[in-house]
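# Coordinate inspection notes
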Amino acid sequence: MQLVDLFRTIFSDPEVWQITILSLKLSGLGTLFSLLIGLPVGTLLAFGRFRGRSFFMSIVNAGMGLPPVVVGLAVAMLLWRSGVLGSLRLIYTPSAIVIAQTVIAAPVVTGLTAAALQQLNPRLRLQLLGLGASQTQVITHLWWEARLPLLAALMAGFGSVISEVGASMMVGGNIRYQTRVLTTAIVLETSKGQFDFAIALSVLLLTVTFLINLTLTWIQQRGARQ
Amino acid sequence: MSTVLEIHDLLVRLDKKIVLEIDALTVQNGEILAIVGPNGSGKSTLLLAVARLIKLERGVVSFDGSHVSGVTDTQYRRHLGLVLQEPLLLDTSVFDNVAVGLRFRKVPAAEVKLKVETWLKRFGIENLFKRPALKLSGGEAQRVSLARAFALEPELLLLDEPFRALDAPSRASLMDDLKAILAETSTTTIFITHDLKEAASLGDKMAVILRGKLMQYGTPEEVNARPKNDEVRSFLGLNS
């Protein structure tokens, strides 16, 4: 009964909803920006023939495993007042978290996009060109053909940012009502010894992540069945 | 009869190795040129060169009297239809697959519908129009691929061994239909094959390519009656 009461308390707390919505908003934006970077760059890596392509591909693949805390430190150094981008005054703002999360998710989306497109039959590109497709038409059709693994790239990108804590903590500062997201709130509650509250927030984070991935998986599998 | 395609002094190199070297080759309007040769002889490379899908080290491909370097690759390819060995259909319906080239050209939807229905019917697959293209049999899929190319009403049709992956009955049936459609539409065609019977049956002219070089050109009867040298004779399976 205690657990039920705890969840009732949490779900009736407007701050918890504010944190949850902020988490979704920031991670959603981070994923969106990583998609805007990762789709074209991944496509270029999959089909481009240029010097240094393999090296660049290795960098992207290595970037897929970037520790969020290291990204947080690097972004924080850029955004600190004394940093290169300090004049933008973004440190400890939601924008800083979006920037850091974009840096974390972009290599994941880029690498998985390149892998998804490289799995397609290489002659399909020739066939589309042979049917009179422009380069843009070729790319959009190849994205459509690879839509199932591309959705997996999207899910992986989102998963990498909704669950990270190090970068959000370092560049966001875990400021109440401003930059506190679910993961940083969990760290805070744990450090305060509020384990029940931390567990409840964790369950909430897992539920939100699960529901979003469930939706994306449903879309993906519906596509696969068709 | 006017010349639709003229090739001069063509050289293609892949990984520093010369894979195709053609001094001259022409295709006349309404003509079916069958290109024969063993696997790896450069037949498909020639087709890709004509479609501007491969980089030429040297040479000129003139299409319909105009030098191809005067237009963009996409504009040039929109005069062509291309069918490769595999059907290479998209993961969508049969209708959308046949419509794809027309949509690339921004043809109005009503016209797309009319043309797609016409060509699906002509290839005997009108009942499949709603089916997912990736669930078709090999023969059905290759019919869709051919309908997709014919729907464009190309000035030059490029066929790269379209029957290669098919079983014998599907092959014979599709060959008969294609022959009838080509005769009916008088579409200028380059037809790649390693099957000499197919070449003789379909081609008005035949070009033998061996080791990347054009060895002999003429009607199938001329080539079979008077092979230019022992290499051609051997490829044609004729006794010395």
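Residues numbered from 1 in each chain as written. Chains lettered and ligands numbered in written order. Predicted model: local features only at pLDDT ≥ 70, side-chain atom pairs only at ≥ 80, totals over all residues.

Let us now look at the overall build of chain A. Secondary structure summary: chain A contains 11 helices and 0 strands in total. The buried share among the 226 residues of chain A stands at 39%. The contacts in chain A between residues at least 6 apart in sequence include a share of 75% that link residues at least 24 apart. (Helix = DSSP H or I, 4+ residues; strand = E, 2+ residues; numbered from the N terminus. Buried ≥ 20, exposed ≤ 12 C-beta atoms within 10 Å, placed from the backbone. Contact = placed C-beta atoms within 7 Å.)

Attention now goes to the overall build of chain B. Within chain B, the secondary structure is distributed over 9 helices and 10 strands. Oriented by its inertia axes, the alpha-carbon framework of chain B measures out at about 55 × 45 × 40 Å. A buried classification covers 42% of the 240 residues belonging to chain B. A fraction of 67% describes how many contacts in chain B between residues 6 or more apart in sequence connect residues 24 or more apart.

Glancing now at the environment of Leu46 of chain B. All names here are of chain B. Tracing the backbone shows Leu46 in helix H1 (residues 43-50). Owing to 28 C-beta atoms within 10 Å, Leu46 belongs among the buried residues under this scheme. Considering only alpha carbons, one finds Leu46 and Ile35, 11 residues apart in sequence, at a separation of 9.4 Å.

Facing the 15 residues of chain A at the interface are 18 residues of chain B. Broken down by secondary-structure element, the contributors of at least two residues to the side of chain A that touches chain B are helix H6 (122-130) and helix H7 (135-145) of chain A. A total of 6 residues in the side of chain A that touches chain B trace back to one element, the largest contributor, which is H6 of chain A. Across the side of chain A that touches chain B, the residue classes break down as 5 nonpolar, 8 polar and 2 charged. (Nonpolar A, V, L, I, M, F, W, Y, C, P; charged D, E, K, R; others polar.)

What follows concerns the packing of helix H2 (residues 14-47) of chain A against helix H8 (residues 147-162) of chain A. Residues and elements named next belong to chain A. The contact between H2 and H8 brings their axes to 9 Å, and the two run at 135°. Comparing the axis directions of H2 and H8 gives the class oblique. Judged by the sense of rotation from one axis to the other, the crossing of H2 with H8 is right-handed. Within the contact between the two elements, H2 uses Ser23, Ser27, Gly30, Thr31, Ser34 and Leu35 and H8 uses Leu154, Gly157, Phe158, Val161 and Ile162. (Axes fitted to C-alpha atoms, helices over the stretch in contact; angles between N-to-C directions. Parallel < 35°, antiparallel > 145°, perpendicular 65-115°, else oblique. Left-handed = near helix turned anticlockwise from the far one by under 90°.)

Further remarks concern unusual backbone geometry. The phi torsion at Arg89 of chain A lies on the positive side, around 55°, for a residue other than glycine. Positionally, Arg89 of chain A belongs in the loop between helix H4 (68-79) and helix H5 (94-118). C-beta crowding within 10 Å serves as the criterion here: with 12 such atoms nearby, Arg89 of chain A is assigned to the exposed category. For Glu161 of chain B, which is not glycine, the phi dihedral falls at a positive 45°. By the element assignment, Glu161 of chain B lies in the loop between strand E7 (156-160) and helix H6 (168-185).

Turning to H6 of chain B, a few remarks are in order. A rise of 1.5 Å per residue sets the reference length of H6 of chain B, with its 18 residues, at 26 Å; its end C-alpha atoms lie 25 Å apart and thus fit the reference within 8%. Directly beyond the C-terminal end of H6 of chain B, a positive phi value near 50° is found at Ser186 of chain B. (Expected span 1.5 Å × (residues − 1).)

The next thing to look at is the pairing of E7 of chain B. All names here are of chain B. Of all 5 residues making up E7, 5 are buried, and the element is well covered by its neighbours. Summarising the sheet, strand E6 (residues 80-83) and E7 pair through 4 bridges and their orientation is parallel. For Leu82, the partnering residue across the bridge sits in E7 and is Leu158. Here 4 bridges tie E7 to strand E8 (residues 189-193), and the two strands are oriented parallel to one another. (Pairing = 2+ DSSP bridges.)

For chain A, per-residue confidence averages 93 on the pLDDT scale, and 98% of positions sit at 70 or higher. Taken element by element, the predicted model of chain A shows its lowest mean pLDDT in helix H1 (residues 2-11) of chain A (79) and its highest in H5 of chain A (97). (pLDDT = per-residue confidence, 0-100.)

This part covers H5 of chain A. Residues and elements named next belong to chain A. The end-to-end C-alpha distance of H5, which contains 25 residues, comes to 36 Å, matching closely the 36 Å that a straight helix rising 1.5 Å per residue would cover. The sharpest bend along H5 measures roughly 30° and falls at Ala105, with the proline Pro107 sitting one to four residues further on. Burial analysis of H5 places 21 of its 25 residues in the buried class, the great majority of the element. (Bend = angle between axes of the 7 residues up to and from the residue.)

The next subject is the packing of helix H5 (residues 138-150) of chain B against H6 of chain B. Residues and elements named next belong to chain B. Remark: H5 packs on H6, axes separated minimally by 10 Å, with the N-to-C direction vectors making an angle of 15°. Judged on the interaxial angle alone, H6 and H5 are roughly parallel. Between H5 and H6 lies a crossing of right-handed hand. When H5 is examined against H6, the residues Gly138, Gly139, Gln142, Arg143, Leu146 and Phe150 are found in contact with a partner set consisting of Ser170, Leu174, Leu178 and Ile181. Grouping the constituent residues of the contact of H5 with H6 by class yields 5 nonpolar, 4 polar and 1 charged.

This part covers the nonpolar core. Formed by 127 residues in total, the largest nonpolar core has its most connected members in Val75, Ala100 and Val171 of chain A together with Val98, Ala147 and Leu158 of chain B. Setting aside chain neighbours within four positions, we find Val75 of chain A in contact with Ala96, Ile99, Ala100, Val103, Ala167 and Val171 of chain A. (Core = buried A, V, L, I, M, F, W, Y, C linked by C-beta atoms within 7 Å.)

Residue and element names in this part refer to chain B. Scored by pLDDT, chain B has a mean of 93; 96% of the residues are at 70 or more. Considering each helix and strand of chain B separately, the mean pLDDT is smallest for strand E5 (residues 66-67), with a value of 58, and largest for helix H3 (residues 94-104), with 98. Interface confidence in the predicted complex, given as ipTM, is 0.93; pTM for the same model is 0.88.

Another point: the environment of Thr3 of chain B. Summarising the element assignment, Thr3 of chain B is placed in strand E1 (residues 3-14). The class for Thr3 of chain B is partly exposed, based on 15 C-beta atoms found within 10 Å.

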